[in-house]
Amino acid sequence: MFVPPPLSDRRPGLVRPVRQDRRGLDGPTPGQARGPRWRTTSRGLVVPAAVEPTPEQRTLEASAVLREDEAVTGWAALHWTGCAWFAGSVDGVEDRDVPLVARRHLVAQPGFSVSQEFLAPREIAVVDGVPVTHALRSVVFEMRNAATLADAVVALDMACYSDAVSLSEVAAYVDALGPVVGIQQARDALAEGEENSWSPQETRMRGIWSRRAGLARPRCNRPVFTLDGRHVGTPDLIGPGLGLVGQYNGSAHLSLAGAAADIKVEAAYRDLGLEAVTMVASDWYDVDDFVDRLLSAARRARGHSGPRGWTIEPPPWWTPTTTVAQRRALGEAEKRRYLRYRRAA
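Since the structure is predicted, the reported quantities are computational estimates derived from the model, not experimental observations.

Q: Sorry, what's going on with the pairing of strand 4 (residues 38–42) here?
A: In this sheet, strand 5 (residues 45–48) lies alongside strand 4 in antiparallel orientation, the contact comprising four bridges. When the sheet's bridge partners are listed, S42 is paired in strand 5 with L45. Hairpin geometry of strand 4 and strand 5 is characterised by an intervening segment of two residues between the two adjacent antiparallel strands and by a positive phi of about 90 degrees at G44.

The following block contains the structure:
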């Protein structure tokens, strides 16, 4: 029986779709393809049924229908090129279609969608055999076509998280676009973008902080120091004008060790005169309740008196990593050292 070869050593476990072959040499026979050992990826193309449909595999399968000067774009292109947080699902449950850009009339099929917008060859790169649009094109596609403004901001923030784009680069790209679909949403998302958000939920929490609660826009993951330069912690959000910090506690914080560390650092913030508020996953089911807690914490912060014992201005010895430009300037060893906390978060 025909066994398709793996894509490459760089992408273990991925299998490129093949066409049926009556001889069974370059693909399964039609009879074999109809059997339980194969599954159809698109019209005329199949892979072994045992191949797991991971985001990478789904991207590879969708790309098999492309011709010259056509490419994968959006979340799938970003994921294929190594950007974190673009897993191609809705809330980790429902798979999203792989978005393709095709010059011809290519009919969408289950598993992929098709855009016929103009695509310049210079915007395409072939990565491990798959043509993908470059990062700017990909993230702006996500921003323009996102279901909500919040989703568009998340896409922008997470592309910046991986240093694939910077806000200034996206701004220049958006300014150069004409009146394409979704351009106003992309502009609105750009106005709310942040280069130092460490997760989608942090970005969404920031939106609640400023848009729902009406508080001044917070800083993201800005280190807090004592006045003599000792690093106390790096809260997910901080409103320097209020003296209010916000933490989002996801699954990593549910262990006893994680909870103990959270309690310790929260106490350290309060010792310095900072008020703290925490959002947890269950708060998404009752956002109004979290907004009430957030506003209560803001009122307590406003009521603090006396000199502040903290600052977000780093001491001379500190290596800042709050912008894309600062992170891109790091060497590989420096990235492993200074960015490991971002990956852990």
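Q: Explain the packing of helix 4 (residues 135–145) against helix 7 (residues 183–192) here, please?
A: Helix-helix packing: each pair is described by the crossing angle between the helix axes and the interaxial distance. Direction vectors running N to C along helix 4 and helix 7 enclose 105 degrees, while the axes themselves pass 7 Å from each other. On the basis of their axis angle, the class for helix 4 and helix 7 is roughly perpendicular. Here helix 4 contributes M143, R144 and N145 to the contact with helix 7, which in turn contributes I183, Q185, A186, A189 and L190. The class makeup of the residues in the contact of helix 4 with helix 7 is five nonpolar, two polar and one charged.

Q: Please clarify how the packing of aromatic side chains should be interpreted in this entry.
A: The geometry of an aromatic ring pair comes down to the distance between the two centres and the angle between the two planes. Under the criterion given, the structure shown has four aromatic pairs. Their ring planes at 85 degrees and their centres at 5.0 Å tell us that F225 and W318 sit as a pair that is edge-to-face. Note that F225 is positioned in strand 14 (residues 224–226) and W318 in the loop between strand 19 (310–311) and helix 11 (324–328), a separation of 93 residues in sequence. Geometrically, the ring pair formed by Y248 and W284 is tilted, given 6.2 Å between the ring centres and 45 degrees between the ring planes. Placement of the pair is Y248 in strand 17 (residues 244–249) and W284 in the loop between strand 18 (275–280) and helix 10 (287–302), with a sequence separation of 36 residues.

Q: Which parts of the structure should I look at to understand unusual backbone geometry?
A: Generally, phi is negative for residues other than glycine and the peptide bonds are trans, each holding for most cases. Even without a glycine there, the phi angle at D128 is positive, about 50 degrees. Positionally, D128 belongs in the loop between strand 11 (124–127) and strand 12 (130–133). Located in the positive-phi region is N221, a residue other than glycine, with phi close to 50 degrees. Residue placement: N221 occurs in the loop between strand 13 (219–220) and strand 14. Given a relative accessible area of 2%, N221 falls into the buried group.

Q: Mind showing me how you'd approach the pattern of salt bridges here?
A: A side chain with one charge can pair with a side chain of the opposite charge if their charged atoms come near. Tallied over the full model, the rule gives 24 salt bridges. Residues R96 and E142 are paired through a salt bridge, measuring 3.1 Å at the closest nitrogen-oxygen approach. Residue R96 is found in the loop between strand 8 (94–95) and strand 9 (98–101), and its partner E142 is found in helix 4; the two are separated by 46 residues along the sequence. D288 is the salt-bridge partner of R212, the closest N and O atoms lying 2.6 Å from each other.

Q: It is not clear to me how the sheet that holds strand 3 (residues 18–19) should be interpreted in this structure. Could you clarify?
A: In sheet architecture, strand pairing relies on hydrogen bonds along the backbone and comes in two forms, parallel and antiparallel. Taken in spatial order, the three strands make up an open sheet running 3-5-4, and their pairing is antiparallel. Two strands lie at the open edges of the sheet, namely strand 3 and strand 4, each paired on one side alone.

Q: What exactly am I supposed to notice about the sheet that holds strand 18 here?
A: Taken in spatial order, the four strands line up as 13-16-17-18 in an open sheet, and their pairing is mixed. Of all the strands in the sheet, the pair left with one neighbour each is strand 13 and strand 18. Bridging between strand 16 (residues 237–239) and strand 17 involves three bridges; their strand directions are antiparallel. Looking across to strand 17, one finds that G239 is bridged to L244.

Q: Please explain the environment of A159 as it appears in this structure.
A: Within the secondary structure, A159 sits in helix 5 (residues 149–161). Each C-alpha atom of the pair A159 and W75 lies 9.6 Å from the other, and the pair is 84 residues apart in sequence.

Q: Would you mind going over the nonpolar core with me for this structure?
A: The tendency in soluble globular proteins is for nonpolar side chains to be buried side by side. Within the largest apolar cluster, 45 residues are counted, with the highest numbers of intra-cluster contacts made by V72, F86, V98, L100, V139, M143 and V170. Listed by contribution, the elements that provide at least two residues to this core are helix 2 (55–63), helix 3 (74–80), strand 9, strand 12, helix 4, helix 5, helix 6 (167–176) and helix 7. No other element matches helix 5, which puts nine residues into this core. Setting aside its immediate chain neighbours within four residues, L100 contacts A62, V65, L66, A71, V72, L106, F112, S113, V114 and S115.

Thresholds, definitions, all that
- Residues numbered from 1 in each chain as written.
- Predicted model: local features only at pLDDT ≥ 70, side-chain atom pairs only at ≥ 80, totals over all residues.
- Heavy atoms only, no water.
- Pairing = 2+ DSSP bridges.
- Helix = DSSP H or I, 4+ residues; strand = E, 2+ residues; numbered from the N terminus.
- Axes fitted to C-alpha atoms, helices over the stretch in contact; angles between N-to-C directions.
- Parallel < 35°, antiparallel > 145°, perpendicular 65-115°, else oblique.
- Contact = heavy atoms within 4.5 Å.
- Nonpolar A, V, L, I, M, F, W, Y, C, P; charged D, E, K, R; others polar.
- Phe/Tyr/Trp six-rings, centres within 6.5 Å; stacked < 30°, edge-to-face > 60°.
- Buried < 20%, exposed > 50% of the residue type's maximum accessible area, 1.4 Å probe, protein only.
- Salt bridge = Lys/Arg side-chain N within 4 Å of Asp/Glu carboxyl O.
- Core = buried A, V, L, I, M, F, W, Y, C linked by side-chain atoms within 4.5 Å.

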